[in-house]
Structure formats: structure tokens, C-alpha cells
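This is what each chain is made of:
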Amino acid sequence: MPTDPLDRLRRICLGLPETTERRSHGEPTWFVRGTKTFATYANHHHDDVLAFWCAAPPGAQEAYVGSDPDSYFVPPYVGGRGWLGVRLDVPVDWAEIAGIVADAYRVVAPKTLVSRLDADNAIPGPARLLTDGE
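Residues numbered from 1 in each chain as written. Predicted model: local features only at pLDDT ≥ 70, side-chain atom pairs only at ≥ 80, totals over all residues. Heavy atoms only, no water.

## Remarks on the overall build of the protein
- Scanning the protein from terminus to terminus reveals four helices and six strands.
- Starting at the N terminus, the α and β elements of the protein follow one another as α-β-β-β-β-α-β-β-α-α.
- Here the protein holds 134 residues, and 45% of them are scored as buried.
- Looking at the protein as shown, the accessible area adds up to about 6800 Å², and 53% of this sits on carbon and sulfur atoms. (Helix = DSSP H or I, 4+ residues; strand = E, 2+ residues; numbered from the N terminus. Buried < 20%, exposed > 50% of the residue type's maximum accessible area, 1.4 Å probe, protein only. Areas by Shrake-Rupley, 256 points an atom, 1.4 Å probe, with all protein chains shown as cover.)

## Comments concerning the environment of Thr 40
- Among the secondary structure elements, Thr 40 is positioned in strand β3 (residues 36-43).
- Owing to a relative accessible area of 12%, Thr 40 belongs among the buried residues under this scheme.
- Sequence spacing of Thr 40 and Thr 29 is 11 residues, and the spatial spacing of their C-alpha atoms is 4.1 Å.
- What Thr 40 contacts, discounting residues up to four positions off in sequence, is Glu 27, Pro 28, Thr 29, Trp 30, Phe 52 and Trp 53.
- One polar contact links the side chain of Thr 40 to the main-chain carbonyl oxygen of Pro 28, over a distance of 3.4 Å.
- Within the structure, Thr 40 has its side chain in polar contact with the side chain of Thr 29 (distance 2.7 Å). (Contact = heavy atoms within 4.5 Å. Polar contact = N/O pair within 3.5 Å; in protein donor to acceptor, adjacent residues only side chain to side chain.)

## Looking at unusual backbone geometry
- One non-glycine residue, His 25, lies in the positive phi region at around 55 degrees.
- Relative to the elements of secondary structure, His 25 occurs in the loop between β1 (19-24) and β2 (27-32).
- Residue His 25 is classed as exposed on the basis of its relative accessible area, which comes to 73%.

Written out as C-alpha cells, the structure reads:
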């Protein structure tokens with residue numbers, strides 16, 4: 001498994017159905033079917049934080065930020081739409097990150113792709129998005 005946070009995040013994101021990556025606002029960004037953004041890398045983007053920002057289900061932003069403000073934050077620009085900022089420059093639980101990314105994907109992906117994600121993955125929970133035993 002890659003140790004660079006970008007490589008690990010990329011591997012998780014690109015493991016989701018019909019996900020593509022391209023730069024947006026100077027950062028690697030992941031899209032469903034090339035059009036709907038669900039996550040973007042934030043390598044010190046306007047601050048000194050290494051993180052990613054992602055779509056989040058209703059209430060998730062408040063729950064994560066409220067429970068662990070050292071790891072999660074309300075990102076600029078998209079935070080008002082409920083997106084979640086996830087720090088990668090602190091100790092990270094990659095299984096939890098995989099679950100957060102899967103939730104972000106589910107927020108923006110069409111129902112057919114969400115169903116495909118659920119059907120394609122035999123391993124339950126967020127661990128299915130990790131490979132090589134992590």
C-alpha cells in the first residue's frame with residue numbers, strides 16, 4: 001500500500017465505479033462520470049493544512065467536526081454546502097477515510113452507480129475500498 005497520502009487517497013477514489021481524476025483549481029480532484037466532484041486534495045490550499053475536502057451526507061460535517069476538530073474541519077468555499085475537510089497531516093485511520101470517501105461518492109453518484117458499488121464489493125464496510133490487507 002502506498003504511504004504517500006495522495007497516492008493512498010487516489011487509490012481509494014479511483015476504486016469507485018466510473019471515477020476519473022483531473023486537476024481542478026490546481027489540485028487532484030475526483031469526479032463521478034467525469035462531471036460531478038466528490039473529493040479534492042488540498043495540499044496546503046490557502047493554509048498550512050494537508051487534507052482533502054469531500055461531499056458529505058447531511059449532518060456528517062457537524063458530527064465529524066464536533067467529535068474531532070483536530071482531524072476534521074469545515075473547508076473554505078464548499079463547507080457551506082456541507083462538505084467535510086479531512087486532515088491528512090495528522091495520524092489517519094485509512095479504513096475510516098475509505099468510508100468517508102465512499103459516503104462522499106454516494107452523495108453525488110447516480111443511484112445506479114451506488115447500487116453497482118454495493119453489488120461489486122463483497123467485503124462489507126469501508127474496508128472494501130482498501131487493498132493489500134489494509
